[in-house]
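Fold and contact review
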Amino acid sequence: MASDSITGGAAQGRLWDRFSIKTKRVIWAWTFLALPILFYAGIRFYPTLQAFWLSLTDWDLLRPANFIGLANYQKMFADPVFWKVFQNTFLYLVIGTPVSLVLSFVIAFYLDRVRFMHGFIRALYFLPFLTTAAAMGWVWRWFYQPVPIGVINGLLGSLGIEQQPFLRSTVQALPTVLVPAIWAGLGFQIIIFMAGLRAIPSTFYEAARIDGLGEWAILRKITIPLLKPTTVFLVVFSSIGFLRIFDQVYNMTTNDPGGPLNATKPLVLMIYQTAFSSYQMGYAAAQTVVLFSILLAVSLFQLWIMREKK
Amino acid sequence: MTAMPSTELRANRWDIRPGRIIAWTILLIGGLIMITPLLFMFSTSLKTAGQVYDLRLIPAAPTFDNYIKVLGDGRFMRWFFNSTFIALTVTISNVFFDSLVGYTLAKFEFRGRYFIFLAILSTLMIPTEMLVIPWYLMSSQLGWLDSYWGIMFPGMMTAFGTFLMKQFFETVPNDFLEAARVDGLNEFTIWWKIAMPMVVPAISALAIFTFLGNWTAFFWPLIVTTSKELYTLPVGLSSFAVEQSIKWEMIMTGAALATIPTLLVFLVLQRFIVRGVMLAGLKG
Amino acid sequence: MRNKAKLAGLAAGISFLALGSAQAVEIEYWQYVFDTRVQAMDQLIEKFEAANPDITVKQVTFPYADYQTRVVAAKVAGQGPDVVQLFYGWLDNFVNGELIQPLDPAVFPSAEIEADFFPIVSAMKRGDAYYGLPTAVRSLALFYNKALFTEAGLDPNNPPQNLVDFLAAAEATTKRDGGGNITSAGITLDMAGQDHHWWREVLIRQNGGVPYDEAGNVAYNDAAGAAALKYYTDLQTASKVGQVGFMDEGQAAFRAGLAAMTIDGTFRLGAFADNPFEWGVTELPADANGLRSNYSSYFANAIGSGAQGEELEAAQKFLAYITSPEAMEIWLNVVGELPARRDVALTEANLADPIRAPFLKGLEYAHTTKFYDEAGQRQVAIDMVNRVLLEGQSIEDSLAAAATAEQAIIDAATK
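Residues numbered from 1 in each chain as written. Chains lettered and ligands numbered in written order. Predicted model: local features only at pLDDT ≥ 70, side-chain atom pairs only at ≥ 80, totals over all residues. Heavy atoms only, no water.

**Section: the overall build of chain B**
Helix and strand counts for chain B come out as 15 helices and zero strands. For chain B, the C-alpha radius of gyration of 24 Å lies well beyond 19 Å, the compact-globule estimate for 284 residues. Seen through its principal axes, chain B has C-alpha atoms that stretch 75 × 70 × 35 Å. Evaluated residue by residue, chain B yields a buried proportion of 56% over its 284 residues. When contacts within chain B are restricted to residue pairs at least 6 apart in sequence, those whose partners lie at least 24 apart make up 70%. About 11,900 Å² of surface is accessible on chain B, with carbon and sulfur atoms providing 70% of the total. Both charge centroids of chain B, one from 20 positive and one from 17 negative side chains, sit 6 Å from each other. (Helix = DSSP H or I, 4+ residues; strand = E, 2+ residues; numbered from the N terminus. Rg over C-alpha atoms; globule rule 2.2 N^0.38 Å. Buried < 20%, exposed > 50% of the residue type's maximum accessible area, 1.4 Å probe, protein only. Contact = heavy atoms within 4.5 Å. Areas by Shrake-Rupley, 256 points an atom, 1.4 Å probe, with all protein chains shown as cover. Lys, Arg positive; Asp, Glu negative; His and termini not counted. Charge placed at Lys NZ, Arg CZ, Asp CG, Glu CD.)

Right under this line is the structure:
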């Protein structure tokens, strides 16, 4: 057969020719995969194991690491700051995901039906997605300043509304920091929703209209159910994003990181401070393991809740 | 300008003109509100220190002095170069390796194929925040701290990209590949010359995401770099902002400089970028 | 024949190169990021390199919050700095972590150090050896905006000297808008800045207490501490002459001309140099009995434990230069911090200078807090004030919580 004549590529002469086609293909496959496997093993898997191992030690960069079992975890669960941080992290998720998904769906739904200046309006919503979170953190921080330099407070003042403390309030701080994160992510979610909307064949709508269904019913019975894969993707994707929020918090609270009084501190910032301001690597590693567990649990939970019920 | 949305077909059948105009207006206003922060950012960057407290959108006496000052010491240009170089390199690496692995997993039959696929997919669940400390240790032991390689190595290949490419490669008909084999081409050439051109939309989507993600990356570059010369743009901007000790007009100038490049690219490549994002979302 | 000549020339050239490169030693100097300090160090490096052409110095800086970790991590990676700056309060950590080496008494004789430098340099001594030397020392003073004073009808050349007049001046200069919001503060309130030192070493003492006892434990959880905290928080809640977070940072408000007074350190002089208004400095207000107190501190320069041989020599030369009178003068002019050498600081010119004199006078009666974890202890103070101002907690409760938290830090560090 023609396959016997192997030209070009790795010509290893007689030895190579003795392999069957199938075997040759398998060798090619493993050759392609060799470097990537090494990469994933060394950059993803080994460090994961190392992180777990470190979490069981008391290493602080200066002294050699001692195995201390679950002491780090005990310390963490007994620390009220940790529980505050845990609560913050979930608040970011619980407020952020629904708000951004509802907003982006509504915008996508109506934007999809706009024809005049569609591209321009779409660009308006998408631009924030392209910005650097760190830079936007600073812009929003300036926005939230009290009078006389804060734009928002200036606006409130001119409307006769009382000035708001925003970043200086233990109650308002977390939503305040969350806003830039939601704002930046909207563009991406809108585009994805629009893609999902366009994938719904118009025959469904035509059939529904013939059946005399009203617009609201169409939305409920056809559009939203058919958007399920898209919605699932966005829910999981944005949840992970909110649980890992860091850039905005870091840049908006540089003079009192995670403050005030830990009101805005998410888990990733706590990890960063523990590892790189206090250099308690073992304790920080334990915190990262907790973060990993949270992400895994939340993702699995969401996937389970939204699974196809057949 | 763009392809007519499928929902338009049904919209034409309605006749609620006033409702549509209202919706359009609200959308437009909403869009303008969305970019208000960016407008203020640019506007403040054109103001002098004294004018910062004048909260008007259009500066009374716009000046480019801030830009001249900030760009003058060459730092931002350096950071811009760093970010671009790193993002480009990582993107090229991802396009190459993620496609290669995705192709292999999609088109080759061998024992262990499913296992490898699952293993790679499982790395999606591992947050980079957890790996940062071991990476930092690894880098300090291998001398990768404070180097381009140190910033780049964690992202050279990603499970997300691999998964994306695999999905696309599965849609490539095998006949083309078999024909090429019959012609005597080796597997690598088949992948590079036959399969890859057939998934160009996916490649561009992957390239866009990878580039954007690496260009705006903050957490890992913050940790691994110590020299100012090696900062990426987000890290550099952050340190610049802290250093400026609340000179807002300068901070806004810095933020603007960090944002202008991606905005320009977007305005030029808008169609590709949006299409890329949609593609990724559909297959994700 | 020609080939041999070429080879010889090549060999000569290479050996020349080798000789040349062997002579050029590169050392690294590390400090934290602070605009004027970095600038000053750049100047010093330039001068040093001009005088020592065989040495190049590379300055590396980090944000303050990460600074210690970076030094530690670098040492672990075997890439530590040759000359490193550290806060005097970190000395124990650095010595225990073997990050720095004691100064060679042959190059830096102890007797000379004790004769030339201010006494607070003794905090850098462990046993018989000195571990570092400061270029400059810093104390606190009250900055005030002369223009705002004049506008409010106060005498710009007669700033308040005691707490009562201080409060009156603040009230006179505070401006508010129709809604009662402050548009120009009387005094800046920023615990994250220098205010926590003011509270610790000045207000507490002026109310009859001490911040720490002889053993180093927290001693402010009493009436004196409560009175001090009340005085501070009343500035925002009762007299409404200031607001935490106004203009984001106290020094930003002052620089913008939107605060009549601010308490800050000498290191701020460089940044305030080009304020577009006239400003003055005076000593921190005394209490009713005329008791004054101040907080002094410094960052010292030490030699990294990894410096050996040629690098060590170069590092020693560099350290000697940056703690020389010439370097201190440059530092004083660029940053504003006071020279660490007595005779360089206490010159007639300086003592007569209206800006520098209050700081120098403050040095005389200043206390230097023994910090175990400056950032952590500062955060305790920040949180203490926040609990009162943002959550309405009572003075006594917040004070008690802060005392407990700070004692925990001290205990963890001294065990």
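This is not the end of the story, as more comes after the structure.
**Examining the overall build of chain A**
Each helix and strand counted, chain A has 14 helices and zero strands in total. Overall, chain A shows an N-to-C arrangement of helices and strands of α-α-α-α-α-α-α-α-α-α-α-α-α-α. In terms of its C-alpha atoms, chain A occupies a principal-axis envelope of roughly 90 × 75 × 40 Å. Classification of the 310 residues of chain A by burial places 56% in the buried group. Here the analysis covers contacts within chain A between residues at least 6 apart in sequence; of these, 65% occur between residues at least 24 apart.

**Some details on the pattern of salt bridges**
Inspection of the entire model under this criterion finds 24 salt bridges over all chains. Between Arg25(A) and Glu187(B) there is a salt bridge, and its shortest N-O distance comes to 3.9 Å. Here Arg25(A), found in helix 2 (residues 21-54), pairs with Glu187(B), found in helix 11 (residues 187-195), and the two come from separate chains. Judged by its relative accessible area of 5%, Glu187(B) falls in the buried class. Residue Glu187(B) pairs with Arg181(B) through a salt bridge whose shortest N-O separation is 2.7 Å. (Salt bridge = Lys/Arg side-chain N within 4 Å of Asp/Glu carboxyl O.)

**So, unusual backbone geometry**
The residue Leu261(A) is not glycine, and still its phi comes out positive at about 55°. Considering the arrangement of structural elements, one finds Leu261(A) in the loop between helix 12 (247-252) and helix 13 (267-276). Leu261(A) sits in the buried class, given a relative accessible area of 14%. The backbone phi angle of Asp248(C) is positive, close to 70°, even though this residue is not glycine. As for its placement among the helices and strands, Asp248(C) is situated in the loop between helix 9 (223-237) and helix 10 (250-255).

**Looking at the interface of chain C and chain A**
Each partner contributes residues to the interface: chain C has 29 residues there, and chain A has 22 residues. Buried surface at the junction of chain C and chain A, summed over both partners, amounts to about 2,200 Å²; 55% is from carbon and sulfur atoms. Among the salt bridges present, the one from Arg141(A) reaches Asp248(C), with a minimum N-O distance of 2.5 Å. Taken together, the connections running from chain C to chain A amount to seven residue pairs in polar contact (both at pLDDT 80 or more). Of all the secondary-structure elements, those providing two or more residues to the side of chain C that touches chain A are helix 3 (67-76), strand 10 (182-187) and helix 17 (374-391) of chain C. (Buried area = accessible area lost by both parts, 1.4 Å probe. Polar contact = N/O pair within 3.5 Å; in protein donor to acceptor, adjacent residues only side chain to side chain.)

**Looking at the nonpolar core**
Ranked by internal contacts, the top residues of the largest apolar core, which has 324 residues, are Phe169(B), Trp198(C), Trp199(C), Met261(C) and Phe318(C). When neighbours within four sequence positions are excluded, Trp199(C) is seen to be in contact with Met191(C), Ile204(C), Tyr220(C), Gly225(C), Ala228(C), Leu229(C), Met384(C) and Leu399(C). (Core = buried A, V, L, I, M, F, W, Y, C linked by side-chain atoms within 4.5 Å.)

**Digging into the confidence of the model for chain A**
In low-pLDDT segments, the atomic positions of the prediction should not be examined closely. Residues and elements named next belong to chain A. Averaged over all residues, the pLDDT of chain A equals 85, while 94% of them reach at least 70. Mean pLDDT values for the elements of chain A range from 68 in helix 1 (residues 13-18) up to 92 in helix 4 (residues 80-112). Under a pLDDT of 50 for its full length, residues 1-9 has, in the predicted model, ten contacts with residues more than four places off or in other chains. (pLDDT = per-residue confidence, 0-100.)

**Some thoughts on the interface of chain B and chain A**
Buried accessible area, meaning the area lost when the parts come together, often serves as the stated size of an interface. Contacts between the two partners involve 105 residues from chain B, matched on the other side by 106 residues from chain A. Overall, the association of chain B and chain A removes approximately 9,700 Å² of surface from exposure, summing both partners, and the carbon and sulfur fraction of that is 77%. Taken together, the connections running from chain B to chain A amount to three salt bridges. Here Glu178(B) makes a salt bridge to Arg25(A), at a shortest N to O gap of 3.9 Å.

**Thoughts on the packing of helix 6 (residues 133-143) of chain A against helix 14 (residues 233-243) of chain B**
Between helix 6 of chain A and helix 14 of chain B, the shortest axis-to-axis distance is 8 Å and the interhelical angle comes to 30°. Taken together, the axes of helix 6 of chain A and helix 14 of chain B are roughly parallel relative to one another. Residue-level inspection shows Ala134(A), Ala135(A) and Trp138(A) of helix 6 of chain A in contact with helix 14 of chain B, the latter providing Pro234(B), Leu237(B), Ser238(B), Ala241(B) and Val242(B). Looking at the contact of helix 6 of chain A with helix 14 of chain B, its residues break down into seven nonpolar, one polar and no charged. (Axes fitted to C-alpha atoms, helices over the stretch in contact; angles between N-to-C directions. Parallel < 35°, antiparallel > 145°, perpendicular 65-115°, else oblique. Nonpolar A, V, L, I, M, F, W, Y, C, P; charged D, E, K, R; others polar.)

**A word on the confidence of the model for chain B**
Residue and element names in this part refer to chain B. Averaged over every residue, the pLDDT of chain B is 82; the share at 70 or more is 90%. Mean pLDDT across the secondary structure elements of chain B bottoms out at helix 1 (residues 6-12), with 46, and peaks at helix 8 (residues 148-152), with 92. Scored below 50 in pLDDT, residues 1-15 makes 30 contacts in the model with residues more than four places away or belonging to other chains. If you check the scores for this complex, the pTM reads 0.82 and the ipTM reads 0.79.

**Quick word on the sheet that holds strand 11 (residues 259-265) of chain C**
All names here are of chain C. Spatially, five strands are ordered 9-10-11-8-12 in an open sheet, and the strand pairing comes out mixed. Strands at the two margins of the open sheet, each flanked by one partner only, are strand 9 (175-176) and strand 12 (279-282). Alignment of strand 9 against strand 10, held across two bridges, turns out to be antiparallel. The residue of strand 10 that forms the bridge with Arg-176 is Ile-182. Where helix 8 (residues 191-206) meets the sheet, it contacts strand 8 (140-145) and strand 11, and its direction lies at approximately 75° from that of strand 11. (Pairing = 2+ DSSP bridges.)

**Thoughts on the side chain of Arg268(C)**
Residues and elements named next belong to chain C. Structurally, Arg-268 is set in the loop between strand 11 and helix 11 (269-272). At a separation of 3.1 Å, a polar atom in the side chain of Arg-268 contacts the side chain of Asp-264. Setting aside anything within four residues of it in sequence, one finds Arg-268 in contact with Phe-34, Phe-143, Gln-251 and Val-335.

**A closer look at the packing of helix 2 of chain A against helix 7 (residues 128-142) of chain B**
Where helix 2 of chain A meets helix 7 of chain B, the axes come as close as 8 Å, and the angle between the chain directions of the two elements is 90°. Judged by the inter-axis angle, helix 2 of chain A sits roughly perpendicular to helix 7 of chain B. Residues Gly42(A), Ile43(A), Arg44(A), Pro47(A), Thr48(A), Gln50(A), Ala51(A), Phe52(A) and Leu54(A) of helix 2 of chain A form the contact with helix 7 of chain B, whose participating residues are Thr128(B), Met130(B), Leu131(B), Ile133(B), Pro134(B), Trp135(B), Leu137(B) and Met138(B).

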